[in-house]
Amino acid sequence: MTMDVPVLEDDIGVGDYQYGFHDPTDKYVFQSRRGLDRQIVEQISEMKNEPAWMRKFRLDALDTFFQKPMPTWGGDMRDLDFQNMFYYVKASQGQEKSWDDVPDDIRKTYDRLGIPEAEKKYLAGVKAQYESEVVYGSLQEDLAKQGVIFTDTDSALKDYPDLVREYFGTVIPSADNKFAALNSAVWSGGSFIYVPKGVKIEFPLQAYFRINTQNMGQFERTLIIVDEGASVHYVEGCTAPTYSSDSLHSAVVEILVKRGGRCRYTTIQNWSNNVYNLVTKRAKAYGDSLMEWVDGNLGSKLTMKYPAIYLMEPGARGETLSIAFAGKGQHQDAGAKMVHCAPHTSSRVISKSISKDGGRASYRGLVKATHEAHHCKSNVVCDALILDSHSRSDTYPYIEVNQDNLTIEHEASVSKIAEEQLLYLMSRGMSETEASAMIVTGFIEPLVKELPMEYAVEMNRLIELQMEGSVG
Amino acid sequence: MSSLLKITDLHVSVDEKPILKGVSLEIRQGEIHALMGPNGSGKSTLAYTLVGHPKYEITSGTIEVDGAPLNDLDPCERARLGLFLAFQYPVTIPGVKVADFLRHAVTNIRNPARKEGEGLIPMRDFRKELKERMEGLGMDVEFARRYLNEGFSGGEKKRMEILQLAMLQPKFAILDETDSGLDSDAVRVVSEGLQKLAGPQMGVLIITHHERLLEYNVPQFTHVMLAGKIVETGDASLAHELHNHGYATVRQRHPTEAAEEQEREKTAPAATAVR
Ligand SMILES: Nc1ncnc2c1ncn2[C@@H]1O[C@H](COP(=O)(O)OP(=O)(O)OP(=O)(O)O)[C@@H](O)[C@H]1O
Ligand SMILES: [Mg+2]
């Protein structure tokens, strides 16, 4: 098989972003017209042949979206033009069980992203979403036999209507924020996972999100239910072509971890520099369960993302590990929310950000405890590394506590690469770029070492790519 | 033919303040030189300048290896040409494992033309070599997995410098007080280690206030620095004499430099404090 030469938009400086290529779109099955109104939402619901309650859910959410003002905090969204986007694009007929049945162009894209290879080596299941729909899906047979469900959310709505109806929108109501409302109105694709009581999935389940069309809006909707004593590690990766005008990615991820369950949700996002990434992620963790967000934010034009954990019952633990890398023209406004709703719950946030070439990395975090939440512990550590004088880092920690009987620790540090460190490494034969990359890799190492080996390697490789050609 | 490191009339300033005021020195591969001198006389400054520390500005004079000038090369290029400094105060690089760091360093030094991203030396060979070297220096192999100098004791840091020297096999090694802060067993290990490493392929400049390192590695030349100049050069017996009697007689023999030293201490009383 020969690899097609990718279409690269050199004139706008794809630079070192290696996933900036895009595929032709002329064989697509369906593409909605530009813009957003009731008709578009009705059309999406109709194409998907949805039950009436979902159509109503969408239309109500659309009203909410139009009513809510744009947030005035966070990043600059003045150029984000909702009426210039495509809200629903279907590239192929449906979800395939074999890569051979996925249309050539799309399959080649996933080959280049290394997904089929990873699937063979270390994954328990895969979903590949291309534009608005999932084009490929797999799950190891023994897991299916144990009752594990791993499907796209559209199929789940058809095949497990009761489960979906019971939980959909219960963790993140449409009215939560403007972008949650937008997603609720036009959502398509995303993963639906149900892990039955006591089932522990050893290898990760992975979803891969790819935007291909210019001015595309991708609105996947993910719902994960980890039943009592069960465990799962879910991983998502994201990339998009580099275009001169903007795309939008606005996902909603809802997670429930029941008594004694465990869920780890790892994101390695590497969007191109023209993507607005405005995502709402929230989990509810019940008694003695553990919810972990591992959030790697690279790329995008603006990311606003604050994965939240609501600690609902005693013994629940929440942990967020977040890495943000803001390069040229990028603003990473990322962080974490921990809401202690019950006594004897604990939370931990570790955030590391790197900014360079004029990039801006902000940590925005909230620790909240209701008046019932006594004997809780929360520990927040944010470290920022700024690589040059025109880059920027900010910390916005918010604490809302209605309780005296709890411990909250917050530490923040901002550092620069010390001249002495560079000299030391360079005097051992490292180039300046290599030396800086090594220092940055070391800076995030405490988080990266938490990742399974394959993802740790991927994370370090992405950081090295970001560092290349940047110094000197 | 053996290589020559040649320093000619070197003047160096830090933040516009002149520190070295005309240093000339020639070191051949295979030779051992000792550099002594009171605190603050400029020994570390010379060492940093040789490896290309950006803070140390050469205002005049040259550094050459086999006639090729190094003045304008960055520290990485100099290292790849065979210069090595065992730092007086090695820095910590958090999160970077000793083994990963050394594998990169060894690859670059042995393959000076290597570009970023090109392959590293094979893991198996590297591990084996590293293990042997560590055992040779009486180091626990566990150190390879630790973060570079993080939480290392003073003596452990110094040993780590010698381990790097052993792995990188430079043409010219500068040891800046590698023997200070070591207990007497460690001094012996380091001294013996250096003795084994320093063969005809290595020129060594030992900066020291002690004698042990020089007992195992007897210098052909001893230089004395005072107020940014090398004021005397002798053989091993000079090192011995300085060690026993201090610098009073040197100051008497070189009143001009001694006066300059006095002058500087007055204007910057903290300058000679150990950093
Ligand atoms: N980075 C620097 N910034 C400011 N002053 C410096 C710097 N490096 C050296 N100096 C000054 O230059 C002079 C020489 O210092 P240097 O460290 O070279 O002395 P030394 O001979 O190595 O002393 P010691 O025996 O104490 O190690 C001192 O006055 C010192 O304060
Ligand atoms: Mg010194």
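Here is what the cut-offs are and how they apply
Residues numbered from 1 in each chain as written. Chains lettered and ligands numbered in written order. Predicted model: local features only at pLDDT ≥ 70, side-chain atom pairs only at ≥ 80, totals over all residues. Heavy atoms only, no water. Helix = DSSP H or I, 4+ residues; strand = E, 2+ residues; numbered from the N terminus. Rg over C-alpha atoms; globule rule 2.2 N^0.38 Å. Buried < 20%, exposed > 50% of the residue type's maximum accessible area, 1.4 Å probe, protein only. Contact = heavy atoms within 4.5 Å. Areas by Shrake-Rupley, 256 points an atom, 1.4 Å probe, with all protein chains shown as cover. Lys, Arg positive; Asp, Glu negative; His and termini not counted. Charge placed at Lys NZ, Arg CZ, Asp CG, Glu CD. Near = heavy atom within 4 Å. Polar contact = N/O pair within 3.5 Å; in protein donor to acceptor, adjacent residues only side chain to side chain. Donors = N, O, S within 2.8 Å, 3.2 Å for Na, K, Ca; no water. Domains from an automatic or database assignment. Buried area = accessible area lost by both parts, 1.4 Å probe. Salt bridge = Lys/Arg side-chain N within 4 Å of Asp/Glu carboxyl O. Phe/Tyr/Trp six-rings, centres within 6.5 Å; stacked < 30°, edge-to-face > 60°. Lys NZ or Arg CZ within 6 Å of the ring centre and 35° of its normal. Pairing = 2+ DSSP bridges.

1. Some thoughts on the overall build of chain A
For chain A, the count of helices and strands is 11 helices and 24 strands. Here chain A has a C-alpha radius of gyration of 22 Å; the compact-globule value for 472 residues is 23 Å, and the two agree. Taken along the three principal axes of its C-alpha coordinates, chain A extends 65 × 60 × 45 Å. Sorting the 472 residues of chain A into buried and exposed places 62% on the buried side. Summarising the internal contacts of chain A: among those between residues at least 6 apart in sequence, 84% fall at separations of at least 24. Carbon and sulfur atoms form 48% of the exposed surface of chain A, whose accessible area is close to 17800 Å². Positive and negative side-chain charges of chain A, numbering 50 and 66 respectively, have mean locations separated by a distance of 4 Å.

2. Side note on the site of ligand 1
All names here are of chain B. As a structural note, the neighbourhood of ligand 1 is formed by 18 residues, with Gly40, Lys43, Ser44, Thr45 and Tyr56 the closest of them. Side-chain polar atom of Asn39 to an oxygen atom of ligand 1: 3.0 Å apart, as the coordinates give it. Side-chain polar atom of Glu177 to an oxygen atom of ligand 1: 3.3 Å apart, as the coordinates give it. Summarising the interface, the protein chains cover 85% of the accessible area of ligand 1, which totals 630 Å² for the free molecule. Residue contributions to the shell around ligand 1 peak at three residues, all from helix α1 (residues 43-51).

3. Some remarks on helix α4 (residues 115-122) of chain A
When we look at burial in α4 of chain A, the residues that qualify are Ile115, Pro116, Ala118, Glu119 and Tyr122 of chain A. Residues of α4 of chain A that are buried sit in contact with α3 (104-112), β3 (125-130), β4 (133-139), β7 (205-210) and α11 (453-467) of chain A.

4. Some remarks on the coordination of the magnesium ion (ligand 2)
Residues and elements named next belong to chain B. Taken together, the protein ligands of the magnesium ion (ligand 2) are Ser44 (OG) and Gln88 (OE1), with distances of 1.9 to 2.3 Å. With Ser44 in helix α1 and Gln88 in the loop between β6 (83-86) and α3 (98-110), this residue pair connects regions lying 44 residues apart in the sequence. Residue class for Ser44 comes out buried when judged on its relative accessible area of 13%. Of the residues examined, Gln88 reaches a relative accessible area of 14% and is grouped as buried.

5. Quick look at the environment of Thr208 of chain B
Residues and elements named next belong to chain B. Looking at the element boundaries, Thr208 is found in the loop between β8 (203-207) and α7 (212-216). In contact with Thr208, not counting residues within four places along its chain, are Leu35, Met36, Asp179 and Leu214. Reaching out from Thr208, the side chain makes a polar contact with the side chain of Asp179 at a distance of 2.5 Å. Only 2.8 Å separates the side chain of Thr208 from the backbone nitrogen of His210, close enough to count as a polar contact.

6. Regarding the domain arrangement of chain A
All names here are of chain A. Each domain of chain A was delimited in the assignment, giving domain 1 (30-305) and domain 2 (419-472). Distance from the C-alpha centre of domain 1 to the C-alpha centre of domain 2: 31 Å. Facing 14 residues of domain 1, the contacting portion of domain 2 comprises nine residues. Where domain 1 abuts domain 2, roughly 960 Å² becomes buried across the two surfaces, and 73% of that area is made up of carbon and sulfur atoms. The largest per-residue losses of area from domain 1 upon contact with domain 2 belong to Tyr122, Ile268 and Leu298, which jointly make up 52% of the total buried on that side. Inspection of the region where domain 1 meets domain 2 yields one salt bridge. Ionic pairing is found between Arg264 and Glu450, a salt bridge with its closest N-O pair at 3.7 Å. Contributing elements (two or more residues each) for the side of domain 1 that touches domain 2: β10 (231-239), β13 (262-271) and β15 (290-299).

7. Details of the interface of chain A and chain B
Many analyses report the size of an interface as the accessible area lost when the parts associate. Opposite the 21 residues of chain A that make contact, chain B presents 37 residues. Of the roughly 2300 Å² buried between chain A and chain B on both sides combined, carbon and sulfur atoms contribute 63%. If you sort the residues of chain A by the area they bury against chain B, Leu423, Tyr424 and Arg428 of chain A come out on top, with a joint share of 32%. Taking the shortest distance from any N to any O, the salt bridge between Glu445 of chain A and Lys97 of chain B comes out at 3.7 Å.

8. Looking at the packing of aromatic side chains
Residues and elements named next belong to chain A. Under the criterion given, the structure shown has 23 aromatic pairs over all chains. With 5.1 Å between their ring centres and 85° between their planes, Phe65 and Phe82 make a pair best called edge-to-face. Taken together, the residues Phe65 in helix α2 (residues 52-67) and Phe82 in the loop between α2 and β2 (89-90) connect sequence positions 17 residues apart. As far as the burial class goes, Phe65 and Phe82 line up, both buried. Connected via pairs of aromatic rings, a cluster forms that spans Trp99, Tyr110, Tyr130, Tyr136 and Tyr208. The positively charged end of Lys178 is found above the aromatic ring belonging to Phe65, 4.2 Å away from the centroid.

9. Thoughts on the sheet that holds strand β1 (residues 4-14) of chain B
One key point about sheets: their strands pair by backbone hydrogen bonds, in either a parallel or an antiparallel sense. Residue and element names in this part refer to chain B. If you walk across this open sheet you meet the four strands as β2-β1-β4-β5, and the pairing is antiparallel. Across the chains shown, the open sheet's two edge strands, defined by having one partner strand only, are β2 (17-28) and β5 (68-69). As paired strands, β1 and strand β4 (residues 56-65) are joined by eight bridges and run antiparallel to one another. Its bridge partner being in β4, Val12 is matched across the sheet by Ile58.

10. Things to note about the pattern of salt bridges
With the rule as written, the count across this model stands at 43 salt bridges over all chains. Taking the shortest distance from any N to any O, the salt bridge between Lys356 of chain A and Asp357 of chain A comes out at 3.1 Å. A salt bridge links Lys131 of chain B to Glu135 of chain B; its shortest N-O distance comes to 3.4 Å. In this pair, Lys131 of chain B and Glu135 of chain B are both assigned in helix α4 (residues 123-136), four residues apart and thus about one turn of the helix distant. The network of salt bridges with common partners includes Arg262, Arg264, Glu292 and Glu450 of chain A.

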